[in-house]
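Each chain, letter by letter, is given below.
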Amino acid sequence: SVIVLDEAQLLPPEFLQPILDTLRLLVEHYGVTLVLCTATQPVLTSTERFDKRHNLRGLVAPVPIVGERGSLFDALDRVAIEWPADLQQPVELTTVAARMAQQDCALAIVNTRADATELLAAVDAATGERALHLSAAMCGQHRADVIADIRARLAARRAGTDLRPLRVVSTQLVEAGVDIDFPVVYRALAGLDSIAQAAGRCNREGLLPGKGRVEVFVRKVPAPLSGLRNGMQATRSTLGDTRPVALRPEHFDTYFRHYYDGFASRDARGIVDLLLNQGDMAMNFRSAAEKFRLIDDEDQISLIVPYASADPGARDVAPLIARLHSQDSDRWLLRALQRFTVNARRRAVLPMHQCGDIEEVLPGMFVLRNPIRYDARRGLIDDNDSRQPTLVA
């Protein structure tokens, strides 16, 4: 068997030890071949640290299957990165908006939905035009429609048939599997891998006469986002006093060591101990499985929203919601409704439930009843967002 891990750098550090132990077992004893695919290879081999809590039992030394990575990197070097002199000093989003206003075609990527909402409003105010928006507050169909619009307008700009300004504000979701190509990208400071992924959305096709430009700026992030904060600090530690215009493979060798060391444990849930043979093959598989949650959704609910897509090939969500109200829970129906679902924090939508804006149609399945709660540009609006919704004419 062959196991392919696409975007291998996204393996969560808090679960890294049980993941690597299992993968190594499969490789060494069951003839499995493991392929790690990413432009920013993490360091997943064994490491020894002075603080033994940071030790890692890693994979066997990997064998590169793409040779001459240095020359390939040089051939694909299409962007220049501009860093702030001070990687600690945050900037106001109005400053970023003013810089975007000077560009006819630009993408900005921020770390939180709140920053995306604030920057979107700031860009609108600075330009007098409507920027486009992408975040996980929008359902999958909504995001797909906006991405299709972005691609069409980028193609039209290259063809010279639509030269309207195109400015997009997005969270980091645009960095995974979204094939778009901007001449200028603004990226909030984050992990070095995220900055590299953002750079992959700049001059992606190599069509510019020179290099594309990626400008990094600093924003504060909420304390609960420890992974993001660790990534930012690891970037600062990797760069030190240097400000490279390009990120080379050796930068990531250093970055990931700093990044993983920022976490208190590689096995935060104690899963490895549950899988050790305690005698008579008494391994706690069920307890380990319950603790192994790569996506911690205990504080989240899935909310179906009445988004009406303009795509003629998209489903009409209204009949699907009607079927759900009739207590139909067929698998095909639930799969179709996934395109119109937003994951939201339970505490954010609880007030909406209490006032009747959402209802629980089936156990664990919620539907948004008040359409004003779903904005035509920004997606789901909770009580923490004081801005007025954008209504569809």
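Residues numbered from 1 in each chain as written. Predicted model: local features only at pLDDT ≥ 70, side-chain atom pairs only at ≥ 80, totals over all residues. Heavy atoms only, no water.

S.K.: Account for the environment of Leu34, with residues named and values stated.
M.R.: Structurally, the position occupied by Leu34 is in strand 2 (residues 33–37). Placed eleven residues apart in sequence, Leu34 and Leu23 show a C-alpha to C-alpha distance of 7.9 Å. In this structure, Leu34 is in contact with Ile3, Leu5, Leu23, Val27 and Leu59, ignoring residues within four places of it in sequence. (Helix = DSSP H or I, 4+ residues; strand = E, 2+ residues; numbered from the N terminus. Contact = heavy atoms within 4.5 Å.)

S.K.: Mind laying out the sheet that holds strand 9 (residues 300–304), listing which residues take part and the relevant values?
M.R.: What the four strands build is an open sheet, ordered 10-9-12-11; its pairing is mixed. Of all strands in the sheet, those with a lone pairing partner are strand 10 (341–345) and strand 11 (358–362), marking the two edges. Pairwise comparison of adjacent strand axes, ignoring direction, gives a mean angle of 40° for this sheet. Pairing of strand 11 with strand 12 (residues 365–368), which is carried by four bridges, proceeds in the antiparallel orientation. Its bridge partner lying in strand 12, Leu362 is registered against Met365. (Pairing = 2+ DSSP bridges. Axes fitted to C-alpha atoms, helices over the stretch in contact; angles between N-to-C directions.)

S.K.: Could you give an account of the pattern of salt bridges, naming the residues involved and the relevant values?
M.R.: All chains considered together, the criterion is met by 18 salt bridges. With a shortest N-O distance of 2.6 Å, Arg57 and Asp21 are connected by a salt bridge. Taken together, the residues Arg57 in the loop between strand 2 and helix 2 (69–75) and Asp21 in helix 1 (residues 16–29) connect sequence positions 36 residues apart. On the basis of relative accessibility, which here comes to 25%, the residue Asp21 falls in the partly exposed class. Glu129 is paired through a salt bridge with Arg167; the nearest N and O atoms lie 2.7 Å apart. (Salt bridge = Lys/Arg side-chain N within 4 Å of Asp/Glu carboxyl O. Buried < 20%, exposed > 50% of the residue type's maximum accessible area, 1.4 Å probe, protein only.)

S.K.: Please provide a residue-by-residue account of the sheet that holds strand 8 (residues 212–217), values included.
M.R.: Across the sheet, six strands lie side by side as 3-8-7-4-6-5; this open sheet has parallel pairing. A strand with exactly one partner marks an edge of an open sheet, and here the two such strands are strand 3 (79–82) and strand 5 (132–134). Shown here is a sheet whose adjacent strand axes are inclined to one another by a mean of 15°, direction ignored. Against the sheet, helix 4 (residues 113–127) makes contact with strand 4 (105–109), strand 5 and strand 6 (166–170), and its axis sits at roughly 160° relative to strand 6, the strand it touches most. Together, strand 3, strand 4, strand 7 (184–188) and strand 8 form the strand contacts of helix 6 (residues 192–199), whose direction differs from that of strand 7 by roughly 160°.

S.K.: Would you mind going over the packing of aromatic side chains in detail, with residue names and values included?
M.R.: A full pass over the atoms with the stated rule returns eight aromatic pairs. Ring geometry for Phe256 against Tyr259: centres 6.5 Å apart, planes inclined by 80°, an arrangement best described as edge-to-face. Of the two residues, Phe256 and Tyr259 both sit in helix 8 (residues 249–261), three residues apart, roughly one turn of that helix. Of the two residues examined, Phe256 and Tyr259, each falls in the buried class. With a centroid separation of 5.9 Å and an interplanar angle of 35°, the aromatic rings of Phe256 and Tyr260 are classed as tilted. Remark: Tyr260 and Phe256 occur in helix 8; sequence separation between them is four residues, near one turn of the helix. Residue Phe256 shares its accessibility class with Tyr260, and that shared class is buried. An aromatic cluster of at least three residues, connected via ring pairs, comprises Tyr255, Phe256, Tyr259, Tyr260 and Phe263. (Phe/Tyr/Trp six-rings, centres within 6.5 Å; stacked < 30°, edge-to-face > 60°.)

S.K.: Describe the packing of helix 7 (residues 226–239) against helix 8, and please don't skip the residues or the numbers.
M.R.: It is the contact of helix 7 with helix 8, at a shortest axis distance of 8 Å, that shows an interaxial angle of 135°. Regarding the angle of helix 7 to helix 8, the classification is oblique. For the pair helix 7 and helix 8, the sense of crossing is right-handed. Between helix 7 and helix 8, the residues in contact are Gly227, Asn230, Gly231, Ala234, Thr235, Ser237 and Thr238 and His251, Thr254, Tyr255, His258 and Tyr259, respectively. In terms of residue class, the contact of helix 7 with helix 8 is made up of three nonpolar, nine polar and no charged. (Parallel < 35°, antiparallel > 145°, perpendicular 65-115°, else oblique. Left-handed = near helix turned anticlockwise from the far one by under 90°. Nonpolar A, V, L, I, M, F, W, Y, C, P; charged D, E, K, R; others polar.)

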